[in-house]
Amino acid sequence: MLQTSYEDMAYTIRKERANFQPETVNLSKALTNRVLSFIPIAKANALALEYTIAPEISLACVWLKFVRIIDNSLSNAIKYSYRKTTIRV
């Protein structure tokens, strides 16, 4: 969570000055890594986090914006789910 907060602050500072260019991202690997980083947080909130992600899907996007969208979605799912339920990605 501290790293995410740091990344949010860094993004806020840089977004006015930086020219973010889209790049090809392996969506499957990136999404899997982000989900894995949220599993301990889900467990701490008495939630299960399951995922099924198709392999080798690519996407042209701005990496930093993509990560912010995924992290925000996972964070909200954890925040607003009932305890002892399963979040599925």
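Preceding block: the structure.
For the structure given in this document, a descriptive report is provided here. The structure displayed is predicted, hence computed values, not measured ones.

1. Details of the packing of helix α2 (residues 27-44) against helix α3 (residues 63-80)
So, point 1. The contact between α2 and α3 brings their axes to 10 Å, and the two run at 35°. For the pair α2 and α3, the crossing hand works out as right-handed. Between α2 and α3, the residues in contact are Leu-27, Ala-30, Leu-31, Arg-34, Val-35, Phe-38, Ile-41 and Ala-42 and Trp-63, Phe-66, Val-67, Ile-70, Asp-71, Leu-74, Ser-75 and Ile-78, respectively.
So, point 2. Of the residues contributing to the contact of α2 with α3, the split by class is 13 nonpolar, 1 polar and 2 charged.

2. Concerning unusual backbone geometry
So, point 1. The backbone of Glu-56 sits at a positive phi, close to 55°, despite the residue not being glycine.
So, point 2. Within the secondary structure layout, Glu-56 lies in the loop between β2 (48-50) and β3 (58-61).
So, point 3. The exposure class assigned to Glu-56 is exposed, which follows from its relative accessible area of 60%.
So, point 4. For Lys-84, which is not glycine, the phi torsion reads 60° and is therefore positive.
So, point 5. Assignment of secondary structure puts Lys-84 in the loop between α3 and β4 (86-88).
So, point 6. For Lys-84, a relative accessible area of 76% corresponds to the exposed category.

3. Concerning the packing of aromatic side chains
So, point 1. Counted under the stated rule, the structure contains 1 aromatic pair.
So, point 2. Between Trp-63 and Phe-66 the ring centres are 5.8 Å apart and the planes differ by 35°, which places this aromatic pair in the tilted class. In this pair, Trp-63 and Phe-66 are both assigned in helix α3, 3 residues apart and thus about one turn of the helix distant.
So, point 3. The partly exposed category is assigned to Trp-63, whose relative accessible area is 37%.

4. Concerning the nonpolar core
So, point 1. Core analysis: the largest hydrophobic core is formed by 16 residues, its most contacted members being Leu-49, Phe-66 and Ile-78.
So, point 2. When residues of this core are traced back to their parent elements, those giving at least two are α2 and α3.
So, point 3. The dominant element in this core, judged by the number of residues it contributes, is α2, at 6 residues.
So, point 4. When sequence neighbours within four positions are dropped, the list of residues in contact with Ile-78 reads Phe-38, Ile-41, Ala-42, Asn-45, Leu-47 and Ile-87.

5. Side note on the environment of Ala-30
So, point 1. Structurally, the position occupied by Ala-30 is in helix α2.
So, point 2. For the pair formed by Ala-30 and Ile-57, sequence separation is 27 residues and the distance between their alpha carbons is 9.9 Å.
So, point 3. Discounting chain neighbours no more than four positions away, the residues touching Ala-30 are Val-25, Trp-63 and Phe-66.

About the criteria used
Residues numbered from 1 in each chain as written. Predicted model: local features only at pLDDT ≥ 70, side-chain atom pairs only at ≥ 80, totals over all residues. Heavy atoms only, no water. Axes fitted to C-alpha atoms, helices over the stretch in contact; angles between N-to-C directions. Helix = DSSP H or I, 4+ residues; strand = E, 2+ residues; numbered from the N terminus. Left-handed = near helix turned anticlockwise from the far one by under 90°. Contact = heavy atoms within 4.5 Å. Nonpolar A, V, L, I, M, F, W, Y, C, P; charged D, E, K, R; others polar. Buried < 20%, exposed > 50% of the residue type's maximum accessible area, 1.4 Å probe, protein only. Phe/Tyr/Trp six-rings, centres within 6.5 Å; stacked < 30°, edge-to-face > 60°. Core = buried A, V, L, I, M, F, W, Y, C linked by side-chain atoms within 4.5 Å.

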